[in-house]
Amino acid sequence: CWGYGEDDGPSSWHKGYPIAQGNRQSPINIVPSETVHDSSLSPLIVSYEHCTSIGISNNGCSVAVEYADTEQGPGIYRGPLSDAYRLKQFHFHWGHKDWHGSEHTVDGKTYTSELHLVHWNASKYQTFREAVAAPDGLAVLGVFLETGEEHQSLHKITDALSMVKFKGSNADLKDFNPKCLLPKSLNYWTYSGSLTTPPLHESVTWIVFEEPIEVSKKQMEKFRMLLFSEEEEDEKLMENNFRPPQPLKGRKVCASYN
Ligand SMILES: Nc1nnc(SCC(=O)Nc2ccc(S(N)(=O)=O)cc2)s1
Ligand SMILES: [Zn+2]
C-alpha cells in the first residue's frame, strides 16, 4: 500500500490514486501577498465545549485522537463554512528534524509540524464515510507547530505516545479538549483542497491558521519515537509523514480578518 518511503511515497501515490494529479490537491504553498482579503469572511466559530475524546491511536501513518460522534459533539461553523462541521479526529505530520515537517508552507517556509483537526459536514451528510468523498464534506483546521517553549497542554498527548508506539496500537485518552492546541489569533487562510494522504479525496475546505503554536524540542522528539511498523516487524521510525506542496492550479486563497 502507500507510505512515505522511497518507493511508496507521495511521488508514486498517483499510480494507485490518479486524483493525486487533480485540480484541488493539498497541501499548498501559501503566499500571503497573493491571498485575497475577503471582508465577507466572518470569524470562525470553534465550539469544542462538549469534548468526549475516546482514544489515541497509531494508524500507521500518523497518531490520531478520535472523538465520539454525537449530535452535541465539538464542532466548527461560520468563517468560510455554510454548514456546521463536527470534529472526528485530530492528528499530526512531522519531520526527521525540527527544520521541516509541516505540509502547508508559507512563502516556502516549513514548520516543524502541522496539526490537523478533521471535521465533517454533519448538517448535510449522515456519516463521515459519506462526507469524506463529497466536495463540501470536510473542513480541516491546520495549525503550524514551531519549536520554542514547552506547550503546557501538549504533554497530555506526548505522554500517551509511548503507549501507541506500534502501528495498530491504541490507548485511552479521556476528555482531551483540543481548543488548547489552537493559537491565540484565529486569523486564517482558507482554500478548497483535498486529503493530504490517500485516498486524496478533493473534499476539504482548508482553514489554516496564520499564527503557529510553540512546542519544545523535547516534545517533538517524542513524536519521532513512534513507529510506522507493527510489533514484530522491522522497526521503521515514524517521521517525514508529510506530503509536499501541490500545484495551486489557479485556485485563490482567501485571508480572514478578525
Ligand atoms: N470510505 C472512507 N472512509 N475513510 C476514508 S479516509 C479516512 C480519513 O479520515 N482520512 C484522512 C486523510 C487525510 C486527512 S488530512 N491529512 O487532514 O488531509 C484527513 C483524513 S475513505
Ligand atoms: Zn493531516
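Everything below is about the structure printed above this text.
Residues numbered from 1 in each chain as written. Chains lettered and ligands numbered in written order. Predicted model: local features only at pLDDT ≥ 70, side-chain atom pairs only at ≥ 80, totals over all residues. Heavy atoms only, no water.

1. So, the site of ligand 1
Link 1 in the chain: What surrounds ligand 1 is a group of 13 residues, the closest being His91, His93, Phe128, Thr196 and Thr197.
Link 2 in the chain: His91 has a polar side-chain atom sitting 3.3 Å from a nitrogen atom of ligand 1.
Link 3 in the chain: The contact in question runs from a nitrogen atom of ligand 1 to an N or O atom on the side chain of Thr196, over 2.8 Å.
Link 4 in the chain: Here ligand 1 has 520 Å² of accessible area as a free molecule, and 78% of this is covered by the chains.
Link 5 in the chain: Of all the cavities here, the one that holds ligand 1 is the largest pocket.
Link 6 in the chain: Put simply, the parts of the chain that give the shell around ligand 1 at least two residues each are strand 7 (85–94), strand 9 (113–121) and helix 2 (128–131). (Near = heavy atom within 4 Å. Polar contact = N/O pair within 3.5 Å; in protein donor to acceptor, adjacent residues only side chain to side chain. Areas by Shrake-Rupley, 256 points an atom, 1.4 Å probe, with all protein chains shown as cover. 1 Å grid on protein atoms, 1.4 Å probe; cavity = no way out; pocket = protein on both sides within 12 Å on 5 of 7 lines; lining within 4 Å. Sits in = over half its atoms within 2 Å of the grid points. Helix = DSSP H or I, 4+ residues; strand = E, 2+ residues; numbered from the N terminus.)

2. With respect to the coordination of the zinc ion (ligand 2)
Link 1 in the chain: Looking at the metal site, the zinc ion (ligand 2) is ligated by His91 (NE2), His93 (NE2) and His116 (ND1), spaced 2.0 Å from it.
Link 2 in the chain: Every donor counted, the 4 donor atoms about the zinc ion (ligand 2) form angles of 97 to 114 degrees at the centre, which fits tetrahedral coordination.
Link 3 in the chain: Within one chain, the residues serving as donors to the zinc ion (ligand 2) are arranged as H-x1-H-x22-H. Linking His91 in strand 7 with His116 in strand 9, this pair joins segments that are 25 residues apart in sequence.
Link 4 in the chain: Overall, His91 belongs to the buried group, its relative accessible area being 12%. (Donors = N, O, S within 2.8 Å, 3.2 Å for Na, K, Ca; no water. Tetrahedral: all angles 85-135°; square planar, octahedral: opposite > 155°, others 65-115°. Buried < 20%, exposed > 50% of the residue type's maximum accessible area, 1.4 Å probe, protein only.)

3. A word on the layout of surface pockets
Link 1 in the chain: What the largest pocket holds in volume is close to 550 Å³.
Link 2 in the chain: Together, 25 residues line the largest pocket, and Gln89, His91, Phe128, Leu195 and Thr197 are the ones closest to its centre.
Link 3 in the chain: Contributions of two or more residues to the lining of the largest pocket are made by strand 5 (63–67), strand 7, strand 9, helix 2 and strand 10 (138–147).
Link 4 in the chain: A total of 4 residues in the lining of the largest pocket trace back to one element, the largest contributor, which is strand 7.
Link 5 in the chain: Of the residues in the lining of the largest pocket, the class split is 12 nonpolar, 10 polar and 3 charged.
Link 6 in the chain: Roughly 360 Å³ of internal volume is contained in the second largest pocket.
Link 7 in the chain: Contributing to the lining of the second largest pocket are 15 residues, with Trp2, Gly3, Gly60, Phe228 and Lys236 lying nearest its centre. (Points joined across faces, edges and corners; volume = space filled by probe spheres on them. Nonpolar A, V, L, I, M, F, W, Y, C, P; charged D, E, K, R; others polar.)

The analysis is restricted to geometry; functional conclusions fall outside its scope.
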